[in-house]
Amino acid sequence: PTPQTLFSERGIHDSEFGNNISIYPNPSQGKICITIENFNSKLSYTLFNSLGQIISEGDLLENSNELDLHEQGLFFIKISDDKYQTTKKIINYNH
């Protein structure tokens, strides 16, 4: 398997980009909502577990998206377009 880069230093624009993305509830109990504000380009996501393995990936809609988390633990979600990216931490506790 090819190693994945979870974090990168790309500058202040990535920080502003990340501020327009909300992920809740966090910690989660199996389902998260990703809300995107003031952004009009195509966004994609990659969800990694704490070992850096890809759990899922796909495209995000403009406003609100839901993802199911079937495993419990610590996850990282990388959200990006063709210019910017941000990575956020998610904790999931399934009952």
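These numbers come from a predicted model, not from an experiment.

**Some points on the overall build of the chain**
Summing up its helical and strand segments, the chain has 1 helix and 7 strands in all. The helix and strand sequence of the chain, counted from the amino end, reads α-β-β-β-β-β-β-β. Here the chain holds 95 residues, and the buried ones make up 37% of them. Sequence separation of at least 24 residues holds for 58% of the intrachain contacts in the chain that already meet a minimum separation of 6. When the accessible surface of the chain is split by element, carbon and sulfur atoms take 47% of a total near 6200 Å².

**A word on the sheet that holds strand S7 (residues 85-92)**
Here we have 4 strands laid out as an open sheet, ordered S4-S3-S6-S7, and antiparallel in their pairing. A single partner strand is all that each edge strand has here, and the edge strands are strand S4 (54-60) and S7. The mean inter-strand angle of the sheet, taken between neighbouring strand axes irrespective of direction, is 20°. Both strand S6 (residues 73-80) and S7 contribute to a ladder of 8 bridges, which runs antiparallel. In the sheet register, leucine 74 faces S7, and the bridge partner there is isoleucine 91.

**A look at the pattern of salt bridges**
According to the stated counting rule, one finds 3 salt bridges in the structure shown. Ionic pairing is found between lysine 42 and aspartate 59, a salt bridge with its closest N-O pair at 3.6 Å. Pair noted here: lysine 42 is in the loop between strand S2 (31-36) and strand S3 (43-49) and aspartate 59 is in strand S4, with a separation of 17 residues, a long-range link. The same class applies to lysine 42 as to aspartate 59, namely exposed. Within the structure, one salt-bridge network assembled from shared partners comprises Lys31, Glu66 and Asp68.

**Comments concerning the pairing of S6**
For S6, the tally of buried residues reaches 6 of 8 residues, placing the bulk of the element in the interior. Pairing between S3 and S6: 6 bridges, direction antiparallel. Within S6, the position partnered with asparagine 49 by the bridge is phenylalanine 75. Linkage of S6 to S7, two consecutive antiparallel strands, is achieved through a turn of 4 residues.

**Side note on the nonpolar core**
Core analysis: the largest hydrophobic core is formed by 17 residues, its most contacted members being Ile23, Ile34, Ile77, Ile79 and Ile90. When residues of this core are traced back to their parent elements, those giving at least two are strand S1 (21-24), S2, S3 and S6. In this view, isoleucine 34 contacts Ile21, Ser22, Ile23, Leu60, Asn63, Ser64, Asn65, Leu67, Ile77 and Ile79; residues no more than four positions away in its chain are not counted.

**Re the side chain of asparagine 65**
Relative to the assigned elements, asparagine 65 resides in strand S5 (residues 64-68). For asparagine 65, a relative accessible area of 8% corresponds to the buried category. Those residues in contact with asparagine 65 that lie beyond four places of it in its chain are Ile32, Cys33, Ile34, Ile36 and Leu60.

Reading guide: rules and limits
- Residues numbered from 1 in each chain as written.
- Predicted model: local features only at pLDDT ≥ 70, side-chain atom pairs only at ≥ 80, totals over all residues.
- Heavy atoms only, no water.
- Helix = DSSP H or I, 4+ residues; strand = E, 2+ residues; numbered from the N terminus.
- Buried < 20%, exposed > 50% of the residue type's maximum accessible area, 1.4 Å probe, protein only.
- Contact = heavy atoms within 4.5 Å.
- Areas by Shrake-Rupley, 256 points an atom, 1.4 Å probe, with all protein chains shown as cover.
- Pairing = 2+ DSSP bridges.
- Axes fitted to C-alpha atoms, helices over the stretch in contact; angles between N-to-C directions.
- Salt bridge = Lys/Arg side-chain N within 4 Å of Asp/Glu carboxyl O.
- Core = buried A, V, L, I, M, F, W, Y, C linked by side-chain atoms within 4.5 Å.

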